[in-house]
Amino acid sequence: QKEVEQDPGPLSVPEGAIVSLNCTYSNSAFQYFMWYRQYSRKGPELLMYTYSSGNKEDGRFTAQVDKSSKYISLFIRDSQPSDSATYLCALARYSGGGADGLTFGKGTHLIIQP
Amino acid sequence: DAGVIQSPRHEVTEMGQEVTLRCKPISGHDYLFWYRQTMMRGLELLIYFNNNVPIDDSGMPEDRFSAKMPNASFSTLKIQPSEPRDSAVYFCASRPVSDTQYFGPGTRLTVL
C-alpha cells in the first residue's frame, strides 16, 4: 500500500461547480498537510498548508483534514477554467525545524469546462 | 525575491554521460530539497539538506546519484553515468524554518 493515495482523474466539471479533491494516507506520523497546484510544465505551487485537523479556508479554497480517518480534502468553490491543473496533496512528518521532506500523492488532473 | 532558480531548464544527453543539475535556493532558506517527477512514480523526494548538511538521502535511487551543497546559495545534483530511466523532471525546493517548501521551475532531463 502506498503511503498516500490520490485518484489521478481526470476530473472534469463545468465552470462554477464545487470541486472536491481527496487523498488518503496510511502513516499516522504525518503531521503537516499541504495542497499544491501544478500547471503543465511548471513547478508545484503551494495552495494550502495546515497541521491540524479541521478546516482552513483561503478565498475559494478550503482544506479539510481528518486525522482520525487519515483523510484530507481540498474544496474549490466557484471553479474557473484557470483552475484547470493537476492538484497534488503532500504530507510531511515533523523534523525539529518543521516539516520533513514531502510525500506526494500522484496528483489529480482537474479540467474546468467553460 | 526571484524564487528558487534551477539550471539548465532542459537537458538532453546520451546514456553514459555525466549530468549536473544546479539549484539556487531562496535567500535565507535553511532547507533545500531535491525531488524527481515521472509519470509512473509521481513526485519523489531524493535528498534534503539543512544548513548545507545532508539530512536524509534515503530517496537517492543508487550510487550513480550524488548531491552537494557547498554553500547556502548553491546545490548540485549529479548523475554519473546517466541512463535512459533517469529521464524525468528534477525539482529543487527550499524553505525557511517552520514554513513550507517553495519549488523551482524544474529541469527536464532526457537521456537518450
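Residues numbered from 1 in each chain as written. Chains lettered and ligands numbered in written order. Predicted model: local features only at pLDDT ≥ 70, side-chain atom pairs only at ≥ 80, totals over all residues. Heavy atoms only, no water.

1. Points about the overall build of chain B
Heads up, the rule is: In this description a helix means any DSSP run of H or I spanning at least four residues, a strand means any run of E spanning at least two, and both kinds are numbered starting from the N terminus. We compute the radius of gyration from the C-alpha atoms alone; for a globule the expected value is 2.2 Å times N to the 0.38, where N is the number of residues. Only protein chains enter the accessibility calculation, which uses a 1.4 Å probe; a residue is then buried when its area is under 20% of its type maximum, exposed when over 50%, and partly exposed in between.
Looking only at helices and strands, chain B features zero helices and eleven strands. Helices (α) and strands (β) of chain B occur, in sequence order from the N terminus, as β-β-β-β-β-β-β-β-β-β-β. For 112 residues, the compact-globule estimate of 2.2 N^0.38 gives 13 Å, and chain B sits close to it at 13 Å. Principal axes of the C-alpha set define a box for chain B whose edges measure 40 × 25 × 25 Å. A burial count over chain B gives 46% of its 112 residues as buried.

2. Observations regarding the packing of aromatic side chains
We apply this condition: Any pair of Phe, Tyr and Trp rings, taking the six-membered ring for Trp, is counted once the centres come within 6.5 Å. Such a pair is stacked with planes under 30 degrees apart, edge-to-face with planes over 60 apart, and tilted for the rest.
Considering all chains together, one arrives at 15 aromatic pairs over all chains under this definition. Note on A:Tyr25 and A:Phe30: the rings are 6.0 Å apart at their centroids and 75° apart in plane angle, and the pair reads as edge-to-face. On the basis of relative accessible area, A:Tyr25 is assigned to the buried category, the value being 7%. Arranged with centres 5.3 Å apart and planes meeting at 40°, the rings of B:Tyr35 and B:Phe103 form a pair that is tilted. With B:Tyr35 in strand S4 (residues 31-38) and B:Phe103 in strand S10 (residues 102-103), this residue pair connects regions lying 68 residues apart in the sequence. Here B:Tyr35 and B:Phe103 have matching classes, each one buried.

3. Notes on the pairing of strand S6 (residues 54-58) of chain A
Residues and elements named next belong to chain A. Stated formally: Being paired, for any two strands, means DSSP has found at least two bridges between them.
By the bridge criterion, five bridges tie S6 to strand S7 (residues 61-66) in an arrangement that is antiparallel. When the sheet's bridge partners are listed, Asn55 is paired in S7 with Gln64. Linking S6 back to S7 in an antiparallel pair, the connection comprises two residues, with Gly59 at a positive phi of about 65°.

4. Looking at the interface of chain B and chain A
Stated precisely, the cut-off is as follows: It only takes one pair of heavy atoms within 4.5 Å for two residues to be counted as in contact. Joining two parts hides part of their accessible area as seen by a 1.4 Å probe, and the buried area is that hidden amount summed over both. Any Lys or Arg side-chain nitrogen located within 4 Å of an Asp or Glu carboxyl oxygen qualifies as a salt bridge. N or O atoms closer than or at 3.5 Å make up a polar contact, with two conditions inside protein: a donor-capable atom paired with an acceptor-capable one, and, for residues adjacent in sequence, both atoms drawn from side chains. We call Asp, Glu, Lys and Arg charged. Ala, Val, Leu, Ile, Met, Phe, Trp, Tyr, Cys and Pro are nonpolar, and the rest, Gly among them, are polar.
Taken together, the 23 residues of chain B in the interface contact 19 residues of chain A. Between chain B and chain A, a total of about 1,600 Å² is buried, with carbon and sulfur atoms accounting for 50% of that surface. For the chain B face of the interface with chain A, the top three residues by lost area are B:Leu43, B:Thr100 and B:Phe103, together amounting to 30%. Remark: the boundary between chain B and chain A carries zero salt bridges. At the surface where chain B touches chain A, the tally comes to seven residue pairs in polar contact (both at pLDDT 80 or more). Mapped by element, the contributors of at least two residues to the side of chain B that touches chain A are S4, strand S5 (42-50) and strand S9 (88-95) of chain B. Split into classes, the residues belonging to the side of chain B that touches chain A amount to twelve nonpolar, six polar and five charged.

5. A closer look at the pattern of salt bridges
Residues and elements named next belong to chain B. In the structure shown here, the tally under the stated rule is eleven salt bridges over all chains. Taking the shortest distance from any N to any O, the salt bridge between Lys78 and Glu18 comes out at 3.9 Å. Taken together, the residues span a long stretch of sequence, with Lys78 in strand S8 (residues 74-79) and Glu18 in the loop between strand S2 (10-13) and strand S3 (19-24) at a distance of 60 residues. Given the relative accessible area of 44%, Glu18 is considered partly exposed. Here Arg41 and Glu44 are joined by a salt bridge, their closest N and O atoms 2.8 Å apart.

6. Things to note about the side chain of A:Thr62
All names here are of chain A. Along the polypeptide, Thr62 turns up in strand S7. A relative accessible area of 10% places Thr62 in the buried class. Reaching out from Thr62, the side chain makes a polar contact with the side chain of Arg77 at a distance of 2.8 Å. Apart from residues lying up to four places away in sequence, Thr62 is in contact with Met48, Asn55, Lys56, Glu57, Ser73, Leu74, Phe75 and Arg77.

7. Let's talk about the state of the cysteines
Let me state the cut-off plainly: To count as a disulfide, a pair of cysteine sulfur atoms needs to be within 2.5 Å.
Using the criterion set out here, one finds two disulfides over all chains in the structure. Bridging A:Cys23 to A:Cys89, the disulfide has an S-S length of 2.0 Å. The sign of the -100° torsion about the S-S bond sets the A:Cys23-A:Cys89 disulfide as left-handed. On the criterion of sequence distance, the pair formed by A:Cys23 in strand S3 (residues 19-25) and A:Cys89 in strand S9 (residues 85-92) is long-range, its members being 66 residues apart. Owing to a relative accessible area of 0%, A:Cys89 belongs among the buried residues under this scheme. One disulfide in the model links B:Cys23 with B:Cys92; its S-S distance is 1.9 Å.

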